Amino acid sequence: MSAAPPSPAPRAAVDGETSRRRGLGWLLLVPGMLWLAVFFLFPTIQLFFTSLYDPSGSYEQGYTMTWHVMNYVDAVTDTWNLFVRSFAYAGIATVVCLALSYPLAYAIAFKAGRWKNFLLVLVIAPFFTSFLLRTLAWRTILSDQGPVTSFLQTIAVLPDDGRLLATPVAVIAGLVYNFMPFMTLPLYASLDKVDHRLIEAAGDLYSSPIAGFRRVTFPLSLPGVVSGTLLTFIPACGDYINAELLGTPKQYMVGNRIQSAFLTEHNYPLAASLSLILMAVVVVMVVLYIRRAGTEDLV
Amino acid sequence: MSEPASMVRMGRGGGVLAGASAGVGRRSFLRGASLAAMAVGVPGLLSACGTGGAKVEADTCTSTDLSAKEKSIVFSNWIGYVDPVKAKDTSTLEKFQQETGITVDYKNGDVNDNEQFFAKVSPQLGDCRSTGRDVFVVTDYMAARMIELNWVQKLDHDKIPNVDANLLESLRSPSWDPNRDYSVPWQSGMTGICYNSELTDPVTSFEDLLTRPDLKGKVELLTEMRDTMLFMLLLEGSDPADFTDDEFSAAIDRLQGYVDSGQVRRFAGNDYVDDMKSGDIVACEAWSGDVINLLGGGKYKWVPPSEGFAIWTDNMLVPNKAEHKANVEELMNFYYDPVNAAKLAAWNYYLCPVEGAQQEIAQFDKSAAKSDFIFPSAETLAAGHQFMPLSGDQERDFQRQFNEVMGG
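Parameters and conventions
- Residues numbered from 1 in each chain as written.
- Chains lettered and ligands numbered in written order.
- Predicted model: local features only at pLDDT ≥ 70, side-chain atom pairs only at ≥ 80, totals over all residues.
- Helix = DSSP H or I, 4+ residues; strand = E, 2+ residues; numbered from the N terminus.
- Rg over C-alpha atoms; globule rule 2.2 N^0.38 Å.
- Buried ≥ 20, exposed ≤ 12 C-beta atoms within 10 Å, placed from the backbone.
- Contact = placed C-beta atoms within 7 Å.
- Domains from an automatic or database assignment.
- Nonpolar A, V, L, I, M, F, W, Y, C, P; charged D, E, K, R; others polar.
- Core = buried A, V, L, I, M, F, W, Y, C linked by C-beta atoms within 7 Å.
- Pairing = 2+ DSSP bridges.
- pLDDT = per-residue confidence, 0-100.
- Axes fitted to C-alpha atoms, helices over the stretch in contact; angles between N-to-C directions.
- Parallel < 35°, antiparallel > 145°, perpendicular 65-115°, else oblique.
- Left-handed = near helix turned anticlockwise from the far one by under 90°.

A. Region of interest: the overall build of chain A. Helix and strand counts for chain A come out as eleven helices and one strand. The N-to-C order of helical and strand elements in chain A reads α-β-α-α-α-α-α-α-α-α-α-α. Here the C-alpha atoms of chain A give a radius of gyration of 25 Å, more than 25% beyond the 19 Å that 2.2 N^0.38 yields for 299 residues. Principal-axis analysis of the C-alpha atoms places the extent of chain A at approximately 75 × 60 × 35 Å. Counting all 299 residues of chain A, 34% fall into the buried class. Nonlocal contacts in chain A, meaning residues at least 24 apart in sequence, comprise 69% of its contacts between residues at least 6 apart.

Given below as structure tokens:
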């Protein structure tokens with residue numbers, strides 16, 4: 001575009017430029033749109049149809065389409081308790097994540113000095129090994145005979161026959177650990193952009209550090225809080241690995257039920273309707289949240 | 001970017017994203033997006049009519065056997081089923097490779113649970129595509145299901161004379177493969193109780209396992225519906241080989257009770273072995289041989305529960321589109337030589353399906369030859385139970401009830 005000659009007739013040139021820009025905008029959208037169409041939109045439509053198949057079909061015989069809307073009713077009546085549990089666990093995990101990540105991100109953004117990049121690499125470091133391996137490692141860490149459990153028993157936080165592994169605490173701790181980078185990074189990005197002169201100005205106007213934080217820093221970091229909580233809460237709702245490896249049947253989340261319906265029962269209509277209900281509920285919750293929190297500029 | 005007007009616009013928008021939305025308005029974006037959705041959605045409409053079954057038409061899914069050219073096999077099995085592959089002087093697999101020149105890519109633990117494994121291979125086999133495996137080992141009911149779906153290649157009995165000569169009489173004609181045309185037993189085994197004698201008093205019945213207060217939260221059951229429900233049915237006083245839907249539901253309620261009470265820590269596949277080792281559980285439902293070959297015996301004891309125990313056979317199958325069937329047949333033939341079978345059984349401690357292995361084993365391992373694990377007496381076998389064959393509808397219904405308990 002820099003090759004465009006300086007135009008003698010500004011009006012016409014602007015129009016031409018605008019339509020070329022419009023074309024370029026579309027062109028830039030194509031790869032992402034295609035990707036999402038093939039790997040998200042198409043499977044979701046397929047999932048929608050699958051959720052309406054006749055539940056009396058089977059994997060061996062095949063499923064026929066009967067627009068069986070009752071699949072959704074059955075799914076909810078059978079598993080509403082798992083939905084409640086999933087949202088509770090994901091919600092708690094998100095709050096804990098925020099409480100732990102905010103000071104961390106704050107320290108990296110404002111206090112880390114030349115260690116900033118190093119600390120950021122440390123935040124991302126867990127991604128160098130697989131999610132599954134890290135969760136398996138937690139089983140060793142929290143094991144009944146392991147150091148954490150025996151320490152907590154010694155200081156009488158846990159009763160002698162108490163345990164950490166295979167409890168809700170372990171599942172939520174696993175969720176917190178696994179999703180913490182998704183909370184920390186957006187928070188850091190927001191905090192790092194905060195203009196220090198504004199904080200100084202608050203001080204100049206006799207604001208206490210706490211009031212300054214509450215009225216200046218925190219509001220300016222809200223975009224990071226919103227995107228961090230979304231990036232944590234949404235995947236945590238659908239997670240089943242933590243519940244499977246660190247929990248017991250009493251901690252299973254809706255993801256575990258979807259997995260067993262898909263993989264061991266081959267009850268595709270049930271699994272599909274559960275997946276779509278989960279998706280729909282999450283979307284509704286997220287929309288309400290964003291409406292309330294505002295998304296002027298999330299990035 | 002030499003054009004001033006657009007500079008202004010970009011500048012105000014404050015970023016790349018804002019610039020793009022200036023180029024493509026929100027309305028036109030939405031219009032375009034919905035068009036794209038329709039374009040992609042149209043092929044999706046095809047599957048709106050349902051899906052075909054996974055059953056393959058008999059003799060339509062064939063492949064060329066490359067065994068003559070490619071001396072290799074990919075072999076998927078459960079853990080603890082072949083003596084350690086790396087031990088040069090003792091490993092049967094190593095011996096097989098030396099004798100035949102066929103390299104075996106042994107996938108230890110590729111099978112962890114029958115249903116999970118079915119889920120792994122069903123997309124390919126239901127669609128007549130290669131699973132990348134030449135032979136795998138699954139339990140009777142799963143072998144029956146796969147054969148029924150026409151997913152398995154027919155074996156050439158001329159190439160497996162040892163199987164014909166030495167297969168135990170009792171295993172020769174299961175109802176689902178009366179002539180062993182498609183399957184060859186790998187090992188049989190028993191499901192019972194394993195406990196850690198250092199951490200708990202002996203656990204000799206399922207009643208104890210599931211109600212004793214000192215075992216609360218330190219017990220695991222298997223994710224295999226048939227294994228676990230067999231014991232629930234026995235506890236209910238039902239016959240696992242012949243029960244009604246109501247009896248099954250009663251057994252499910254009983255299981256739910258044990259889960260609700262917190263007695264059962266979790267449900268596990270073959271990985272229950274890890275939880276026994278870490279000491280997180282002190283007793284569990286377990287497969288007989290594992291206790292010797294994976295846990296090393298010693299403080300880990302396996303007992304047939306006083307209510308009775310489950311007996312089953314795992315079978316080798318050659319899936320459709322596997323290209324090394326003749327090599328696999330050589331492997332089957334190799335393991336049905338009593339000398340090799342004896343060597344294998346002396347390590348894995350599962351019920352040996354090969355006639356004559358007991359005499360062989362006696363020559364180098366007296367205690368194994370007398371073991372009730374490998375060569376159970378008729379008396380022991382009499383207490384063994386098998387699970388009733390299920391219709392497709394029962395299978396789905398029972399599995400769903402079971403999953404609902406496992407799913408909290």
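Okay, back to it.
B. Broad picture of the overall build of chain B. Of the regular secondary structure elements, chain B holds 18 helices and eleven strands. Counting every position in chain B, which comprises 408 residues, the buried fraction comes to 44%. Look at the contacts in chain B between residues 6 or more apart in sequence, and 77% of them connect residues 24 or more apart.

C. Expanded view of the domain arrangement of chain B. Residue and element names in this part refer to chain B. When its domains are assigned, chain B resolves into domain 1 (72-186 + 314-368) and domain 2 (189-311 + 389-406). Taken together, the contacts link 14 residues of domain 1 with 13 residues of domain 2. Of all the secondary structure elements, the ones that give two or more residues to the side of domain 1 that touches domain 2 are helix 5 (114-125) and helix 14 (338-348). When the residues that make up the side of domain 1 that touches domain 2 are grouped by side-chain class, the tally is seven nonpolar, six polar and one charged.

D. Quick look at the nonpolar core. Judged by nonpolar contacts, the single largest core of 107 residues is most densely connected at V135, C194, A283, L317, M332, A341 and A345 of chain B. Top element by residues in this core is helix 9 (residues 225-235) of chain B. It accounts for seven residues. Residue assignment places this core across two domains, with domain 1 (72-186 + 314-368) and domain 2 (189-311 + 389-406) of chain B each supplying three or more. Residues in contact with M332 of chain B, not counting those within four places in the same chain, are I160, V163, V184 and M316 of chain B. Listed in part, the 54 residues of the second largest apolar core include Y89, L175, A236 and I277 of chain A.

E. Geometry of the domain arrangement of chain A. The domains assigned to chain A are domain 1 (1-50) and domain 2 (72-293). On a C-alpha basis, the centroid separation for the pair domain 1 of chain A and domain 2 of chain A is 35 Å.

F. Geometry of the pairing of strand 4 (residues 135-139) of chain B. All names here are of chain B. Burial analysis of strand 4 places five of its five residues in the buried class, which makes it a mostly covered element. A two-sided burial pattern is seen for strand 4, the buried positions comprising V135, V137 and T139 on one face and F136 and V138 on the other. For strand 2 (residues 72-77) and strand 4, the ladder comprises two bridges, and the chain directions are parallel. Looking at strand 4, one finds that F75 is bridged to V135. Here strand 4 runs beside strand 10 (residues 309-317); their pairing, made up of four bridges, is antiparallel.

G. Up close: unusual backbone geometry. Residue and element names in this part refer to chain A. Here W67, not a glycine, exhibits a phi torsion of approximately 50 degrees, which is positive. Its place among the elements puts W67 in the loop between strand 1 (63-64) and helix 2 (70-111). One non-glycine residue with positive phi stands out, namely A156, at about 65 degrees. Tracing the backbone through its elements, the reader meets A156 in the loop between helix 5 (147-154) and helix 6 (168-193). A count of 9 C-beta atoms within 10 Å places A156 in the exposed class.

H. Spotlight on helix 13 (residues 325-335) of chain B. Burial runs high along helix 13 of chain B: ten of the eleven residues are buried. Within the span of helix 13 of chain B, buried status applies to K325, N327, V328, E329, E330, L331, M332, N333, F334 and Y335 of chain B.

I. Expanded view of the pairing of strand 2 of chain B. All names here are of chain B. The buried fraction of strand 2 is high, at five of six residues. For strand 2 and strand 3 (residues 103-108), the ladder comprises six bridges, and the chain directions are parallel. Within strand 3, the position partnered with N77 by the bridge is N108.

J. Expanded view of the confidence of the model for chain B. Residues and elements named next belong to chain B. Scored by pLDDT, chain B has a mean of 85; 87% of the residues are at 70 or more. Per-residue pLDDT stays below 50 along residues 1-24; that stretch engages in 27 contacts with residues further than four places along the chain or on separate chains. A low-confidence stretch, residues 40-46 (pLDDT under 50), is modelled with eight contacts involving residues beyond four sequence positions or located in other chains. Under the prediction, the complex receives an ipTM of 0.74, its pTM being 0.79.

K. Looking closely at the packing of helix 9 of chain B against helix 10 (residues 245-260) of chain B. Residue and element names in this part refer to chain B. At their nearest, the axes of helix 9 and helix 10 sit 9 Å apart, and the two run at 100 degrees to each other. When the axis of helix 9 is compared with that of helix 10, the two are roughly perpendicular. Contacts between helix 9 and helix 10 pair M229, M232, L233 and L235 from the former with E247, A251, R254 and L255 from the latter. Of the residues that constitute the contact of helix 9 with helix 10, the class distribution is six nonpolar, no polar and two charged.

L. Region of the structure containing the packing of helix 10 (residues 254-263) of chain A against helix 11 (residues 268-293) of chain A. Residues and elements named next belong to chain A. Where helix 10 meets helix 11, the axes come as close as 8 Å, and the angle between the chain directions of the two elements is 155 degrees. With respect to helix 11, the axis of helix 10 lies roughly antiparallel. Helix 11 is crossed by helix 10, and the crossing has left-handed handedness. Between helix 10, through V254, R257, I258, A261 and F262, and helix 11, the contact on the second element is made entirely by Y268, L270, A271, L274, S275 and L278. The residue makeup of the contact of helix 10 with helix 11, split by class, is nine nonpolar, one polar and one charged.

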